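Residue-level structural notes
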Amino acid sequence: MPVQAIKKVATSQNGVGSYILQLRKLDFGYCDWAGASRGMNEFLLHNLKQFAADHPSVEITVTPRPAHHPIIRGTYINGREKVVCVRNGTPSEILEKCKLLRDQSGMKLKKIKARNVVQSTNPSVRGIWSPFHAGKLHQI
């Protein structure tokens, strides 16, 4: 019997194999003369080149925004955008905001319901423990 190759190629999933970064593009908006953009201008001159070299899969654009506060706009592969205002921020704070946008998935933030915090595909056989279910074991 001859050996045959597998015809189906495995589908890629994040966490299995290589990780696909969800951030597609970072757009830095700054103003040349405003004092609130001082930290952004420092970041663009000194730190942006290293950040871009560390993340070659992220497209980086720099856009002047005269008479506006500096922003960082992150565009994700699912089409969503997240905008962070970095007014009066230091270059290290702006770098932290860039890392925050890099690490997010681009999904809309959802409120976690307080009643059902535990999410599982296999529900517990015994149910959720409650102090009202326990008997009076230690009574004096």
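Presented here is an overview of the structure given in this document. Note that this is a predicted model, so its numbers are computed, not measured. (Residues numbered from 1 in each chain as written. Predicted model: local features only at pLDDT ≥ 70, side-chain atom pairs only at ≥ 80, totals over all residues. Heavy atoms only, no water.)

Mapping Leu-101 onto the fold places it in helix α3 (residues 91–103). For the pair Leu-101 and Thr-75, spaced 26 residues apart in the sequence, the C-alpha separation amounts to 9.1 Å. The contacts of Leu-101, once residues within four sequence positions are left out, are Leu-23, Leu-26, Ile-72, Gly-74, Tyr-76, Lys-82 and Val-84. (Helix = DSSP H or I, 4+ residues; strand = E, 2+ residues; numbered from the N terminus. Contact = heavy atoms within 4.5 Å.)

The geometry of an aromatic ring pair is captured by the separation of the ring centres together with the interplanar angle, meaning the angle of the planes. Scanning the model with the defined rule gives one aromatic pair in all. A centroid spacing of 5.6 Å and a plane angle of 40° characterise the contact between Phe-28 and Phe-43, whose relative ring orientation is tilted. Remark: Phe-43 occurs in helix α1 (residues 38–46) and Phe-28 occurs in strand β1 (residues 23–30); sequence separation between them is 15 residues. In terms of burial, Phe-28 and Phe-43 fall into one category: buried. (Phe/Tyr/Trp six-rings, centres within 6.5 Å; stacked < 30°, edge-to-face > 60°. Buried < 20%, exposed > 50% of the residue type's maximum accessible area, 1.4 Å probe, protein only.)

Sheet architecture is open: four strands sit in the order β2-β1-β3-β4, paired in mixed fashion. Either end of the sheet is taken by a strand with one partner, and the two such strands are β2 (59–64) and β4 (81–85). Adjacent strand axes in the sheet meet at a mean angle of 20° when their direction is disregarded. Across the sheet, α1 touches β1, β2 and β3 (71–76), and the angle it forms with β1 is around 125°. Contacts from α3 reach β1, β3 and β4, with the element oriented near 15° to β3. (Pairing = 2+ DSSP bridges. Axes fitted to C-alpha atoms, helices over the stretch in contact; angles between N-to-C directions.)

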